[in-house]
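Structure at a glance
Here are the chains, one letter per residue:
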Amino acid sequence: TRRQIDVLQRAKNAAEEREVFAAEMHEAQVMLVQSEERKHALHCHAASTFLKDRQRLQHAQFDSELAAAHEWRREQTRVRGSVARVDLESMHIETQSAELEKGA
């Protein structure tokens, strides 16, 4: 009977609901994984961009400092004479400073 048909129909409906729920859960999990993959890719891109920009700025700073050092040397050479003489004077000043600091 009727009661058996009703029980079978309810069981069939419950099985269909479980299938629908499982399919929806699978779809949600796939979307979550894709979202995490996109987030990871964006993070990697941002880190790469940061590192490239930092390296570029460090090179620019180094080049700027190097140019300033060369300009200073040229000016010192023009004012005082040879680079070797300027270096000796700088080393002498540094030595005197160190000795003064020791004595103090």
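Per chain, residue numbering runs from 1 following the sequence as it is written. Residues qualify for local features only when their pLDDT is at least 70, as the model is predicted, and side-chain atom pairs are given and counted only at 80 or more; totals for whole chains, interfaces and linings, by contrast, use all residues. To obtain the side-chain values, all non-hydrogen atoms of the structure were included, while hydrogens and water were left out.

**With respect to the overall build of the protein chain**
- Within the protein chain, the regular secondary structure consists of two helices and zero strands.
- Considered along the principal axes of its C-alpha atoms, the protein chain spans approximately 115 × 35 × 10 Å.
- Within the protein chain, buried positions represent 2% of all 104 residues.
- Looking at the protein chain as shown, the accessible area adds up to about 9600 Å², and 60% of this sits on carbon and sulfur atoms.
- If the 16 positive side-chain charges of the protein chain are averaged to one point and the 18 negative ones to another, these points end up 5 Å apart. In DSSP terms, a helix is any run of H or I states spanning at least four residues, a strand is any run of E spanning at least two, and both are numbered starting from the N terminus. The cut-offs for exposure are 20% and 50% of the maximum accessible area for each residue type, with area from a 1.4 Å probe on protein chains only; residues under the lower value are buried, those over the upper are exposed, and the others partly exposed. Note that accessible areas follow from Shrake-Rupley with a 1.4 Å probe, and for residues the cover is restricted to the protein chains shown. Only four residue types enter the tally: Lys and Arg on the positive side, Asp and Glu on the negative side; His and the chain ends are excluded. Throughout, a charge is located at the NZ atom of Lys, the CZ atom of Arg, the CG atom of Asp or the CD atom of Glu.

**Quick notes on the pattern of salt bridges**
- A pair is scored as a salt bridge if a Lys or Arg side-chain nitrogen falls within 4 Å of a carboxyl oxygen belonging to Asp or Glu. Throughout the structure, instances matching the rule amount to four salt bridges.
- The partner of Asp6 in a salt bridge is Arg10, and the shortest N-O contact between them spans 2.7 Å. Taken as a pair, Asp6 and Arg10 lie in helix H1 (residues 2-80) at a separation of four residues, close to a single helical turn.
- For Asp6, a relative accessible area of 37% gives the class partly exposed.
- Of the charged contacts, one joins Arg74 and Glu71 as a salt bridge, the two residues approaching to 3.2 Å between their closest N and O atoms. Of this pair, Arg74 and Glu71 both sit in helix H1, three residues apart, which is roughly one turn of that helix.
- What makes Glu71 partly exposed here is its relative accessible area of 43%.

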